[in-house]
Amino acid sequence: MGTITTSDGTEIFYKDWGEGQPIVFSHGWPLSADDWDNQMLFFLSKGYRVIAHDRRGHGRSTQTGDGHDMDHYADDLAAVVEHLDLHDAIHVGHSTGGGEVTHYLARHGEGRAAKAALLCAVPPLMMKTAANPEGLPKDVFDDLQAQLAANRSQFYRALPEGPFYGFNRPGMQSSEAIIANWWRQGMMGGAKAHYDGIVAFSQTDFTEDLKKISIPVLVVHSKDDQIVPYVASGPKSAELLKNAVLKTYEDLPHGLPTTHADVVNADLLEFFQS
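Cut-offs and rules
Residues numbered from 1 in each chain as written. Predicted model: local features only at pLDDT ≥ 70, side-chain atom pairs only at ≥ 80, totals over all residues. Heavy atoms only, no water. Helix = DSSP H or I, 4+ residues; strand = E, 2+ residues; numbered from the N terminus. Rg over C-alpha atoms; globule rule 2.2 N^0.38 Å. Buried < 20%, exposed > 50% of the residue type's maximum accessible area, 1.4 Å probe, protein only. Contact = heavy atoms within 4.5 Å. Areas by Shrake-Rupley, 256 points an atom, 1.4 Å probe, with all protein chains shown as cover. Lys, Arg positive; Asp, Glu negative; His and termini not counted. Charge placed at Lys NZ, Arg CZ, Asp CG, Glu CD. Salt bridge = Lys/Arg side-chain N within 4 Å of Asp/Glu carboxyl O. UniProt positions renumbered as here; feature names shortened; annotations may be inferred. Core = buried A, V, L, I, M, F, W, Y, C linked by side-chain atoms within 4.5 Å. 1 Å grid on protein atoms, 1.4 Å probe; cavity = no way out; pocket = protein on both sides within 12 Å on 5 of 7 lines; lining within 4 Å. Points joined across faces, edges and corners; volume = space filled by probe spheres on them. Nonpolar A, V, L, I, M, F, W, Y, C, P; charged D, E, K, R; others polar. Polar contact = N/O pair within 3.5 Å; in protein donor to acceptor, adjacent residues only side chain to side chain.

What about the overall build of the chain?
Okay, step 1: From N to C terminus, the chain includes 10 helices and eight strands.
Okay, step 2: Relative to a compact globule of 274 residues, whose C-alpha radius of gyration would be 19 Å, the chain shows 17 Å and is just as compact.
Okay, step 3: Counting only C-alpha atoms, the chain reaches 40 × 40 × 40 Å along its principal axes.
Okay, step 4: By the burial criterion, 56% of the 274 residues in the chain qualify as buried.
Okay, step 5: Long-range contacts, defined as pairs at least 24 residues apart, comprise 76% of the intrachain contacts of the chain with a sequence gap of at least 6.
Okay, step 6: Summed over its atoms, the accessible surface of the chain is roughly 10700 Å², and 50% of this surface lies on carbon and sulfur atoms.
Okay, step 7: Counting 22 positive and 36 negative side-chain charges, the chain places the averaged centre of each group 1 Å from the other.

Considerations on the pattern of salt bridges
Okay, step 1: In this structure the tally under the stated criterion is 20 salt bridges.
Okay, step 2: Among the ionic pairs, aspartate 8 bridges to arginine 56, the shortest N-O distance being 3.0 Å. Of the two residues, aspartate 8 sits in the loop between strand 1 (2-5) and strand 2 (11-17) while arginine 56 sits in the loop between strand 4 (49-53) and helix 2 (70-83), which places them 48 residues apart along the sequence.
Okay, step 3: Classification of aspartate 8 as partly exposed rests on a relative accessible area of 41%.
Okay, step 4: Arginine 56 gets classed as buried once you look at its relative accessible area, which sits at 1%.
Okay, step 5: A salt bridge links aspartate 75 to arginine 107; the shortest N-O distance between them is 2.8 Å. Remark: arginine 107 occurs in helix 3 (residues 96-108) and aspartate 75 occurs in helix 2; sequence separation between them is 32 residues.

What to know about the UniProt feature "domain: AB hydrolase-1" (unreviewed entry) in the chain
Okay, step 1: Those residues carrying the UniProt feature "domain: AB hydrolase-1" (unreviewed entry) are residues 22-254 in this numbering.
Okay, step 2: Secondary structure content for residues 22-254 is 42% helix and 15% strand, while the C-alpha to C-alpha distance between its ends is 25 Å.

Thoughts on the nonpolar core
Okay, step 1: By size, the foremost hydrophobic cluster in this structure holds 27 residues, and its most contacted members are Tyr104, Leu105, Ile215 and Val217.
Okay, step 2: Aside from chain neighbours lying at most four places away, what touches valine 217 is Ala116, Leu118, Leu241, Asn243, Ala244, Val245 and Phe271.
Okay, step 3: Core analysis: the next-biggest nonpolar cluster, separate from the first, contains 24 residues, Phe25, Cys120, Leu256 and Leu268 among them.

A word on the layout of surface pockets
Okay, step 1: What the largest pocket holds in volume is close to 210 Å³.
Okay, step 2: Along its surface, the largest pocket is lined by 16 residues, and Met126, Leu144, Leu159, Phe201 and Ile227 are the ones closest to its centre.
Okay, step 3: The class makeup of the residues in the lining of the largest pocket is 12 nonpolar, four polar and no charged.

A short note on the environment of histidine 87
Okay, step 1: On the secondary structure map, histidine 87 appears in the loop between helix 2 and strand 5 (89-94).
Okay, step 2: Residue histidine 87 is classed as partly exposed on the basis of its relative accessible area of 45%.
Okay, step 3: Expressed as a C-alpha distance, the spacing of histidine 87 and glutamine 21, which sit 66 residues apart in the sequence, is 8.1 Å.
Okay, step 4: If sequence neighbours within four positions are ignored, histidine 87 has contacts with Pro22 and Arg112.

Considerations on unusual backbone geometry
Okay, step 1: Here tryptophan 29 and proline 30 are connected by a cis peptide whose omega angle stands at -10°.
Okay, step 2: Along the polypeptide, proline 30 turns up in the loop between strand 3 (22-26) and helix 1 (37-45).
Okay, step 3: At the junction of proline 123 and proline 124, the peptide bond is cis and its omega measures out at 0° in the coordinates.
Okay, step 4: Of note, proline 124 is situated in the loop between strand 6 (113-119) and helix 4 (138-161).
Okay, step 5: If you check the backbone angles, aspartate 85 has positive phi at about 50° while not being a glycine.
Okay, step 6: Note on placement: aspartate 85 falls in the loop between helix 2 and strand 5.
Okay, step 7: At cysteine 120, a residue that is not glycine, the phi angle is positive and equals roughly 45°.
Okay, step 8: Here cysteine 120 shows up in the loop between strand 6 and helix 4.

Notes on the environment of lysine 223
Okay, step 1: Among the structural elements, lysine 223 can be located in the loop between strand 7 (217-222) and helix 8 (234-240).
Okay, step 2: If we skip the residues at most four places from it in the chain, lysine 223 touches Tyr230, Thr248, Tyr249 and Glu250.
Okay, step 3: There is a polar contact of 3.5 Å between the side chain of lysine 223 and the side chain of glutamate 250.

Structure, rendered in structure tokens:
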């Protein structure tokens, strides 16, 4: 574990375990590197070097009041990669982290990267526009900001209890441990970072970024994702990428790296080794 300080003075926390080809994990909103514990231990056991950082304003990184946009997220990721002098890296991003990975590869180039995986990720664009009619209306995200501002702790219980992990679906067994861990990670971060982050993940258009990426990319998404709609994301990203493999699940939740880690890890490993 360590920290780096970015050019604007933000301290970014990261974990760095093992040796071998590096896998760099970018977490979802409003979580932290801890959300990748299962994947990091799994791939560590397979001979990979595993790295995950806390996005600025999240987890143990600085709760800075500004810079909560995809440009800064991508630049912070680049700073970690360069600080650790990573080469031939595999980048894995979940949800907002998928946007971070996409923007990083387009903004900073693929010279240090080998492959990528986007899991239930926000690209190409979450918000509904004339050009993106399958997206979600802006008032959905305005409401998320309103709930966060009104009672962040309560809001951070409701999301994992319900749609994030699909615990609101009939027959899905809820897990208090998973819910509490989501809440713990969320409350470690800063309210301002998370409030601004809603705009970053919902209104950033990654269309041109996706077109620039040429390395192999595994796009993983579920048709029952209640957070990032399948029709507006996974298949569209796969179409825009030059070298993509689309893996579609029928009924897994948005938080599938946690609830179905065995399935996801196996699919990731197969792609990494191909």
